[in-house]
Amino acid sequence: MEARDRTRPAAPARRRLARLSRLGPLAAAALSAALPGCVDAVTVEQPPPPAALGVNESRALTLEFLRFDARRFAKTLTLDELRAIPRPTLEGIWLLDLDIAALIENALLKVMYMPPAEVDALAPAAKNLVGLLNMTPENADLRGTSLAGLLGVGNAVGLPTSKILSDLVGVAGNERLIPVQITSQAVLENLVSTHPNTQRRSGPPDDEHPDGIYPVAPHSIPVTLYDVVTDFAGLAEQFGPTPLDPDDPGGPKHPGFIKAAAGVKAALDDFTMTVRVNVNALPYKGVDATMAGVASVNSTPGQIDTLFDFSEPDWLELDNLARNLSIGELTLAIPESAMYLPGGTSREPAPRGDSPVWEQPPWEFEHILARAGELKAAQIEEHCSSYGPQGTSTSDFQPVKVCVDGTGWTEITVDNSIVLEEPPPPPSYFWDILLEVAQARLHDGGLAEGEANLEVTLRDVPVGVKTEDLVASIKENLAKDPAVLKEMAIELNDNAAGDADFYLYQPSTESGVAGQRDYLYFVAPDDIRKDDEGERVRDYAYASPGFFADAALTKKVSSTEEIDGDALHEKVEVQQGDTLYFADDEGRRYEIRIGDKPSVHRLALTLTRIQ
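Conventions and cut-offs
- Residues numbered from 1 in each chain as written.
- Predicted model: local features only at pLDDT ≥ 70, side-chain atom pairs only at ≥ 80, totals over all residues.
- Heavy atoms only, no water.
- Salt bridge = Lys/Arg side-chain N within 4 Å of Asp/Glu carboxyl O.
- Helix = DSSP H or I, 4+ residues; strand = E, 2+ residues; numbered from the N terminus.
- Buried < 20%, exposed > 50% of the residue type's maximum accessible area, 1.4 Å probe, protein only.
- Disulfide = S-S within 2.5 Å.
- Pairing = 2+ DSSP bridges.
- Expected span 1.5 Å × (residues − 1).
- Arc of directions from axis to C-beta.
- Contact = heavy atoms within 4.5 Å.
- Phe/Tyr/Trp six-rings, centres within 6.5 Å; stacked < 30°, edge-to-face > 60°.
- Lys NZ or Arg CZ within 6 Å of the ring centre and 35° of its normal.

K.L.:
Can you walk me through the pattern of salt bridges in this structure?
P.N.:
One side chain can pair with another of opposite charge once the charged atoms of both are near each other. For the structure on display, the rule yields 27 salt bridges. Here glutamate 189 makes a salt bridge to arginine 371, at a shortest N to O gap of 2.8 Å. In this pair, glutamate 189 sits in helix α10 (residues 180-192) while arginine 371 sits in helix α13 (residues 365-377), placing the two residues 182 residues apart along the sequence. Its relative accessible area of 18% is what places arginine 371 among the buried residues.

So this is what it looks like as structure tokens:
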């Protein structure tokens, strides 16, 4: 097995400045606040690491248990300080699932009400989209579709085609055939909600989510602290083309829905994040068995459940978020199918009919259109309208009849006495009619099938969420699951040094006094220190974590019983004369003989390598 690197690198400049010797930043700040006057800087020379033990070699070591309890200590981080935290740590802090229904609707409204000069500058497909979103009975262009026969029907009975369309859909002549709310819902369901990154997000593993994968709320995108402090710099990457199966990166992909995004201002330049914590800010002293020396373990992971007092409203404060969150420039993308997709002509298979559009990927434009038509059809009341020579008539001669039933099935019949150049459209579902007309208009300007992929760039699109609601959601979510703040808390109280295998812990008594009982805690995965990029410096490679009564490691004497809120670590109470055994992460086995207590908070032991 490859030996782990035991070299202890010097702390990076950013972290060296934040520490007093090997105290973490929280402890250093708390001590600075507690001590009056000025304190001269102290430089502590670190001794060279001891030599590793050979088989049957022993070394006497003394561990010390230190406490410095900071109560409601406020740590304020500026935007620059937050950005200096490693990206994986920031990305691991989920804040909320942001409902983007309002964003999508606002984006569609921006398209619908785009100034004529900007419309003229659009690519042909995007320009056609503007027309489709604004289609009304009066401006509907039926050329090249089976509905073109309605023109002849209208002429035959002396009424405009728009009247027939208005009565069919149940809207006024200048009212849009498909309201923006319905179009927005179809886009959300078919395009946004089918993207893998709007369906699941990463989080800390727990009993309900052992794989660390959490569902995202419908119609939402997950937002992390990284998104906030970087002004959502990763939107296009996160919601662009993505494998449908994260375990198969070379497999089929979702095309994404955000092509580009810029100018998002979530956190103002003077943004600050303040957290108030109750923490023992000093590290735990433990043993690095491979080097047979004393090492420091970050004390934060075992305190995460008691670190924040959520009963206090100021446990977390986010100041100077943008008042009105908006996206300065947003490019939305919707692909079209490479083939023409005719509307259906049969009721079967129910309830959608036989159009091939329903077999296509849901995120394609044609499928979205069909879904929008289906949603609109659900709002149309079942009815029949009959028309005589001067429009709707009560006379016996009513040669034109338009009916739609409760399923959206639509029939237009014309008496044989009416001579038409083209027959009326065949019976079909309402969405089949819409699909045919929309496909014809989408390709205006000579666009061939497959050439009408939609991309439209919009400016100053409101996200549609109030800052106070955003902050309230963030605080509520973090209070429900404080584990997501664990990595940042470790970073703020970064006081680890070396690579301990176990450490000394003294529980508090009912009177608040520690030192009457001594426990050895075996390190857990969260105790592995990180490098400057936020990556663990070594794997958690312990085959048999914990302490044992025999050298063969078959009789475990440690457990994860909860002590002072810690149920994470394997732990065992020890007294003078006890003998324990364990294996390090390289498979070497050791004996621990517990010695005397030089003082209340110190414990002597002898470490012997036995294999």
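K.L.:
What am I meant to see in the state of the cysteines here?
P.N.:
Working definition of a disulfide: a covalent bond connecting the sulfur atoms of two cysteines. Tallied over the full model, the rule gives one disulfide. Here cysteine 384 engages in a disulfide with cysteine 403; their sulfurs sit 2.0 Å apart. Between cysteine 384 and cysteine 403, the S-S dihedral sits near 120 degrees, and the bridge is therefore right-handed. Taken together, the residues cysteine 384 in strand β15 (residues 383-388) and cysteine 403 in strand β17 (residues 400-404) connect sequence positions 19 residues apart. On the basis of relative accessibility, which here comes to 48%, the residue cysteine 384 falls in the partly exposed class. Of the residues examined, cysteine 403 reaches a relative accessible area of 19% and is grouped as buried.

K.L.:
Can you help me understand the pairing of strand β25 (residues 589-594) in this one?
P.N.:
For a regular strand, side chains alternate in direction, first toward one face of the sheet and then toward the other. For strand β24 (residues 579-583) and β25, the ladder comprises five bridges, and the chain directions are antiparallel. Paired with alanine 583 across the bridge in β25 is arginine 589. With antiparallel pairing between neighbouring strands as the criterion, β24 and β25 make up a hairpin whose turn holds five residues, including glycine 587 at a positive phi of roughly 85 degrees. Summarising the sheet, β25 and strand β26 (residues 602-609) pair through five bridges and their orientation is antiparallel. Of the residues in β26, the one forming a bridge with glutamate 591 is threonine 608.

K.L.:
Would you mind going over helix α15 (residues 467-480) with me for this structure?
P.N.:
Compared with an ideal rise of 1.5 Å per residue, which puts 14 residues at 20 Å, α15 spans 20 Å between its outermost C-alpha atoms and is within 8% of the ideal. Within α15, burial applies to Thr467, Leu470, Val471, Ile474, Asn477 and Leu478. For α15, the buried positions fall inside an angular range of 135 degrees around the axis, keeping them on one side. In α15, the exposed residues that point more than 90 degrees away from the buried face are Glu468 and Lys480. Taken together, the buried residues of α15 touch β3 (94-99), β13 (316-321), β14 (324-334) and β20 (454-466).

K.L.:
Help me understand the environment of leucine 568, please; the structure alone is not making it clear to me.
P.N.:
By the element assignment, leucine 568 lies in the loop between β22 (518-522) and β23 (571-574). A sequence separation of 266 residues divides leucine 568 from glycine 302, and the C-alpha atoms of the two residues are 6.8 Å apart. Apart from the residues within four sequence positions on either side, leucine 568 is in contact with Ala524, Asp526 and Thr560.

K.L.:
Explanation requested: the packing of aromatic side chains in the structure shown.
P.N.:
How two aromatic rings sit relative to each other is given by the distance of their centres and the angle of their planes. Enumeration over the complete set of coordinates arrives at 21 aromatic pairs. Note on phenylalanine 310 and tryptophan 315: the rings are 4.7 Å apart at their centroids and 90 degrees apart in plane angle, and the pair reads as edge-to-face. Ring centres of tyrosine 429 and tryptophan 431 lie 4.6 Å apart, and the angle between their planes is 10 degrees; on these two criteria the pair is classed as stacked. The class of tryptophan 431 is buried, set by a relative accessible area of 3%. Note that arginine 201 overlies the ring of tryptophan 94, its terminal NZ or CZ placed 3.7 Å from the centroid. If you follow arginine 352 out to its NZ or CZ, it ends over the ring of tryptophan 358, 3.9 Å from the centre.

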